[in-house]
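# Geometric and topological summary
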Amino acid sequence: MSTPSTPHSGAAGTEKFNTVAPDLGSGEGWDKLGLAELMRLRFSDSGALYSPHADVNINGALFGGQLIGQAIAAASHGISDRWAHSVQVSFLAPGHPGEEMHYQVRTLMQGRSFQVQQVLGTQGSRTVISATISFQTEEPSPDHQRAMPDAPPPESLRTLQEVGAAYADRIPAAAARRLGQSRAAELRLVDPEAFLFRREPEARLRFWVKLQRDLPDDPVLQRAAIGYLSDYWMPLTPLMAHLEAKIGTGLYLASLNHTLWLHRAPRVDDWLLVDAQSPFSGNARGLTTGHFYQRDGTLLATATQECLFRGWVEDGQGGFRVPGMPAR
Ligand SMILES: CCCCCCCCCCCCCCCC(=O)SCCNC(=O)CCNC(=O)[C@H](O)C(C)(C)COP(=O)(O)OP(=O)(O)OC[C@H]1O[C@@H](n2cnc3c(N)ncnc32)[C@H](O)[C@@H]1OP(=O)(O)O
């Protein structure tokens, strides 16, 4: 079992600020400012943890990955001898960009090996997320893991911008623009044509993902980064079974709940392979399980997530379509 290289002070990812770093608000530019800044929480004068930053998703709300990562950073504050291994999140209300996210942390259980923290992320009187995060001390044991599937190396695959340009004549301009938008992480689809044009009854999605900027060697930040990445594109997996729904830009999607298990101390400074599969979608909800691998095949984490998909309209032939889909 790999272990974190250094114990953490519990203050990683949090810092007292005298000066305020740029509040981007619009969600633009995280590829330049980097995830470390997005995950760093500040202390208000009353000692409460908060974040003024906004990484905005396609609905114009705070990106769920920002909230998961910040909840991990908040829950880890003050814990020095154990590490987050499971993170259960409910997304209760959309986070409003431009409003600070405040985090309240409560210890629900403190045992000899385990400790469970509850985090409430709020904006004013609205509870945006509730998270229950469990920590464990290190404990040697035999292990096994699911093998990493074969995938071409990320360097051999197109960037999303290149995919958007290559298929510009076959997808709506708005979809190509979405593909071209830059985030804190870069992503390479293993099979872009399957994503854009094919119905995949197995509802499987594979991609490589990598942060745009290096992260400090801080174990809490590394875990927060996996939390961020685990909400990026994986929720789209159920749409693999629904032909072209992905490029129908009228679809509204919102993560409802998310569980992340951190199997090993993560290192996120290189490409990670995500192998995701959706066992079910229906009633406007889609469920996904995704496995996150280091390039050497080490299984770092597993996530399951339920996502809300709305905007379907009946197509008059017993099926559904999504507005904005190009005519065939
Ligand atoms: C080529 C293609 C490339 C593709 C390129 C992809 C890009 C790359 C993507 C990577 C993928 C990232 C994936 C991100 C994933 C998150 O970032 S999601 C962010 C985290 N999750 C959330 O914010 C959800 C928070 N929870 C909630 O909002 C509420 O609990 C829920 C789920 C809406 C349920 O509340 P409720 O009151 O029971 O809601 P309900 O009455 O059923 O529905 C009404 C609400 O639904 C929402 N809603 C429903 N339908 C719509 C709609 N059509 N429009 C807007 N809002 C709607 C509104 O919030 C609405 O509330 P009001 O505005 O009316 O007050």
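For the structure, check the block above.
Treat the numbers as computed from the prediction; the structure is a model and nothing was measured.

### Describing the site of the ligand
Neighbouring the ligand are 23 residues, the closest being Asn-57, Gly-64, Leu-92, Ser-255 and Arg-310. A distance of 2.8 Å separates an oxygen atom of the ligand from a polar atom in the backbone of Gly-64. Separating a nitrogen atom of the ligand from a backbone N or O atom of Ser-255 is a distance of 3.0 Å. Its free accessible area being 1300 Å², the ligand has 64% of it covered by the protein chains. Of the residues forming the shell around the ligand, the biggest block, five residues, is contributed by strand β10 (residues 252-262). For the shell around the ligand, the class distribution of residues is 17 nonpolar, three polar and three charged.

### Let's talk about the side chain of Ser-255
As for its placement among the helices and strands, Ser-255 is situated in strand β10. Polar contacts involving the side chain of Ser-255 include one to the side chain of Asp-231, which spans 3.1 Å. There is a polar contact of 3.0 Å between the side chain of Ser-255 and the side chain of Gln-305. Non-local contacts of Ser-255, meaning those with residues more than four positions away in its chain, are made with Phe-91, Asp-231, Pro-235, Gln-305, Glu-306 and Cys-307.

### Side note on the pairing of strand β6 (residues 114-123)
The side chains of a regular strand alternate, residue by residue, between the two faces of the sheet. Within β6, seven of the ten residues are buried, which leaves it mostly tucked inside the rest of the structure. Pairing between strand β5 (residues 101-110) and β6: eight bridges, direction antiparallel. Paired with Arg-106 across the strands is Gln-118, a residue of β6. Hairpin connection of β5 to β6: three residues between the antiparallel strands.

### Some thoughts on a nonpolar patch on the surface
On the surface, a nonpolar cluster with roughly 250 Å² of combined accessible area is contributed by Leu-108, Met-109 and Phe-114. Take Met-109: it is sitting in strand β5. For Met-109, a relative accessible area of 39% puts it in the partly exposed group.

### Things to note about the packing of helix α3 (residues 64-76) against helix α7 (residues 219-229)
The relative placement of two packed helices comes down to the angle between their axes together with the axis-to-axis distance. The interhelical angle for the contact between α3 and α7, taken along N-to-C directions, is 155°, at an axis separation of 7 Å. Taken together, the axes of α3 and α7 are roughly antiparallel relative to one another. The two elements α3 and α7 cross, and the hand of that crossing is right-handed. Every residue of α7 that contacts α3 at Gly-65, Gln-66, Ile-68, Gly-69, Ile-72, Ala-73 and Ser-76 is listed here: Val-220, Arg-223, Ala-224, Gly-227 and Tyr-228. When the residues that make up the contact of α3 with α7 are grouped by side-chain class, the tally is six nonpolar, five polar and one charged.

Calculation rules
- Residues numbered from 1 in each chain as written.
- Predicted model: local features only at pLDDT ≥ 70, side-chain atom pairs only at ≥ 80, totals over all residues.
- Heavy atoms only, no water.
- Near = heavy atom within 4 Å.
- Polar contact = N/O pair within 3.5 Å; in protein donor to acceptor, adjacent residues only side chain to side chain.
- Areas by Shrake-Rupley, 256 points an atom, 1.4 Å probe, with all protein chains shown as cover.
- Helix = DSSP H or I, 4+ residues; strand = E, 2+ residues; numbered from the N terminus.
- Nonpolar A, V, L, I, M, F, W, Y, C, P; charged D, E, K, R; others polar.
- Contact = heavy atoms within 4.5 Å.
- Buried < 20%, exposed > 50% of the residue type's maximum accessible area, 1.4 Å probe, protein only.
- Pairing = 2+ DSSP bridges.
- Patch = residues over 30% accessible without salt bridge, like charges linked within 9 Å, V, L, I, M, F, W, Y side chains within 5 Å.
- Salt bridge = Lys/Arg side-chain N within 4 Å of Asp/Glu carboxyl O.
- Axes fitted to C-alpha atoms, helices over the stretch in contact; angles between N-to-C directions.
- Parallel < 35°, antiparallel > 145°, perpendicular 65-115°, else oblique.
- Left-handed = near helix turned anticlockwise from the far one by under 90°.

Fair warning: the whole summary comes from geometry, so function is off the table for now.
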